[in-house]
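# Coordinates in review
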Amino acid sequence: MTKTECSNELDLDSLLLIAAGHTAFQLLWAGIELGLYDYLSQNPGSSFDGIAKVLELQPQPTRVLLTGLTALRIIKKQGNQYSNSSIAEQKLVSDSSDSFALVMGWQRYIVYEGLLDFVESLRKNDNVGLRRFPGQGDRLYQRLVNDPFKERVFQDAMSSLSSQANVSLLNLVELENIHHLVDAGGGDGTNGILLCKNYPNMRVSVFDSESVCQIARQHIEEQGLAARINTWPGNFLSDPFPTGIDAILYSHILTIWSPETNIALLKRTYAALPEGGIVVIFNMMGNDNDDGPISTALGSPYFQAIATGDGMLYSWSDYEAWLKEVGFSSTKRLEGLPLDHGILIGKK
Ligand SMILES: Nc1ncnc2c1ncn2[C@@H]1O[C@H](CSCC[C@H]([NH3+])C(=O)O)[C@@H](O)[C@H]1O
């Protein structure tokens, strides 16, 4: 065994942390929901009694919470004073610019419960965890329509995830001369709004379900961009794309479906674009040799067990192979974006 392989060996503490990952997550989440990190951000060095009072918890539950979070190193205890760790300050305080708090809401209200059915989902090759979301349809997105709270949690999380990496969409020469871009599965309009603000010649159509388009329209109007961004309610797997377009963006979309569905969708994409038109794929990218990164490896079970039962966080080379198969003449990778994101551009 080489030295590098040795240092990659899992140690007992890491194994224990994984084994009690559900408990570690609930401790982390409790700190968000109870407002602990926000409070410690404003009041570093708080006392035990002060925290218990603000969180409205009895002493023993306060002790369980603070001991757990201290042992996890999410907060720090110095003498009898508690403060956020620097990573908690950056990622768990709700108004920090790159806070994970909203993404953790998605973990709490959507992923956590559905993953109880993970093993059965693997065995059946299906999203068995969807049974925990009432309603019709075999995809999570259809069921969220029945639950405005969870639909909002989901959209807020996606918007927050996009916002942490989408600045990289702002320096693409390929987008400079685009006149009409379709943001397929554009969600609440976060990416469309950012793109329009940055590329003055661009118009955007947000192509999503009617209920999500309603959320997008509200954001677009708030930003005063209704003249340049419209919504195109429908199903991009079967309904036509708008005409006169020259780019289609898939942001956090091609992870949802099976390779077969993605290839069929990319064929429709190719047909909808003019010669010279581009497709832009933006999401977390798995390593080509299926050994990580940890973010994609931990993201895939959600697609298998909950969202659709046939998606995952694919590798760069998967997307490249599909683009080639459907006829895109060239592809370009932009690697190294925040949160293991990448951008892949295919040109017709
Ligand atoms: N078949 C479909 N047709 C239209 N929209 C869809 C379809 N399947 C999933 N979606 C939408 O795809 C989005 C996935 S979440 C990604 C949102 C956004 N692009 C972002 O990156 O922040 C959700 O808003 C779903 O409603």
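Everything numeric in this text was worked out from a predicted model, so none of it was measured.

Rules and cut-offs
Residues numbered from 1 in each chain as written. Predicted model: local features only at pLDDT ≥ 70, side-chain atom pairs only at ≥ 80, totals over all residues. Heavy atoms only, no water. Disulfide = S-S within 2.5 Å. Buried < 20%, exposed > 50% of the residue type's maximum accessible area, 1.4 Å probe, protein only. Near = heavy atom within 4 Å. Polar contact = N/O pair within 3.5 Å; in protein donor to acceptor, adjacent residues only side chain to side chain. Areas by Shrake-Rupley, 256 points an atom, 1.4 Å probe, with all protein chains shown as cover. Phe/Tyr/Trp six-rings, centres within 6.5 Å; stacked < 30°, edge-to-face > 60°. Helix = DSSP H or I, 4+ residues; strand = E, 2+ residues; numbered from the N terminus. Lys NZ or Arg CZ within 6 Å of the ring centre and 35° of its normal. UniProt positions renumbered as here; feature names shortened; annotations may be inferred. Pairing = 2+ DSSP bridges. Core = buried A, V, L, I, M, F, W, Y, C linked by side-chain atoms within 4.5 Å. Contact = heavy atoms within 4.5 Å. Axes fitted to C-alpha atoms, helices over the stretch in contact; angles between N-to-C directions. Parallel < 35°, antiparallel > 145°, perpendicular 65-115°, else oblique. Left-handed = near helix turned anticlockwise from the far one by under 90°. Nonpolar A, V, L, I, M, F, W, Y, C, P; charged D, E, K, R; others polar.

## Regarding the state of the cysteines
Evaluated as defined, the whole model comprises zero disulfides. Of all cysteine sulfurs in the structure, the one in C213 sits closest to C196, which takes part in no disulfide; the separation is 15 Å. C196 gets classed as buried once you look at its relative accessible area, which sits at 1%.

## As for the site of the ligand
Near the ligand there are 19 residues, and of these S162, G185, D208, S251 and H252 occur at the shortest range. Q155 has a polar side-chain atom sitting 3.0 Å from an oxygen atom of the ligand. With respect to the ligand, the side chain of S251 contributes an N or O atom lying 2.6 Å from an oxygen atom. Bound to the protein, the ligand loses 94% of the 570 Å² it would expose on its own.

## Some remarks on the packing of aromatic side chains
What the rule picks out here adds up to 14 aromatic pairs. Judged by centre distance (6.4 Å) and plane angle (85 degrees), the ring pair of F236 and W257 falls under edge-to-face. In this pair, F236 is assigned in the loop between β6 (229-231) and β7 (247-251) and W257 in the loop between β7 and α15 (259-272), connecting sequence segments 21 residues apart. In this structure W257 comes out as buried when scored by relative accessible area, which is 7%. Ring centres of Y314 and Y319 lie 6.0 Å apart, and the angle between their planes is 80 degrees; this geometry places the pair in the edge-to-face category. Relative accessible area serves as the criterion here: at 4%, Y314 is assigned to the buried category. Through a chain of ring-to-ring contacts, three or more aromatic side chains come together here, namely F207, F236, F241, Y250 and W257. Between K91 and the ring centre of F100, over which it is positioned, the NZ or CZ distance is 4.7 Å.

## Looking at the UniProt feature "domain: O-methyltransferase C-terminal" (unreviewed entry) in the chain
Per the UniProt record, "domain: O-methyltransferase C-terminal" (unreviewed entry) is annotated on residues 135-329. Secondary structure content for residues 135-329 is 45% helix and 13% strand, and the end C-alpha separation is 42 Å.

## Considering the pairing of strand β10 (residues 341-347)
Among the seven residues that make up β10, six are buried, leaving the element largely enclosed by the rest of the structure. Relative to β10, strand β9 (residues 330-334) runs antiparallel, the two being bridged by five bridges. Looking at β10, one finds that S330 is bridged to K347. Counting the residues that bridge the hairpin from β9 to β10 gives six residues, and of these G336 lies at a positive phi of roughly 80 degrees.

## Let's talk about the nonpolar core
With 71 residues, the main nonpolar core has L36, Y37, W106, I110, F241, Y250 and Y302 as its most contacted residues. Of the residues forming this core, the biggest block, seven residues, is contributed by helix α8 (residues 101-114). Not counting residues up to four positions away in its chain, the partners in contact with I110 are G105, F133, L140, L144, K150, F154, Y302 and I306. If you look at the next biggest cluster of nonpolar residues, it comprises 25 residues, including A165, I193, A216 and I345.

## Comments concerning the packing of helix α11 (residues 148-165) against helix α14 (residues 210-222)
Helix-helix packing is described using two parameters, namely the angle between the two axes and the distance between the axes. Where α11 contacts α14, the axes come no closer than 11 Å and their chain directions differ by 55 degrees. Regarding the angle of α11 to α14, the classification is oblique. Remark: the crossing between α11 and α14 carries right-handed chirality. In this structure, α11 contributes E151, R152 and Q155 to the contact, and α14 contributes S211, V212, I215, Q218 and H219. Classifying every residue of the contact of α11 with α14 gives two nonpolar, four polar and two charged.

## Topic: the packing of helix α3 (residues 21-33) against α8
Put simply, α3 and α8 touch, their axes get as near as 11 Å, and they point 130 degrees apart. Here α3 is positioned oblique relative to α8, judged by the angle of their axes. The crossing of α3 and α8 is left-handed. Taken together, the residues of α8 that come into contact with α3 (itself represented by H22, F25, Q26, L28, W29, I32 and E33) are A101, M104, G105, Q107, R108, Y109 and Y112. A per-class count over the contact of α3 with α8 returns eight nonpolar, four polar and two charged.

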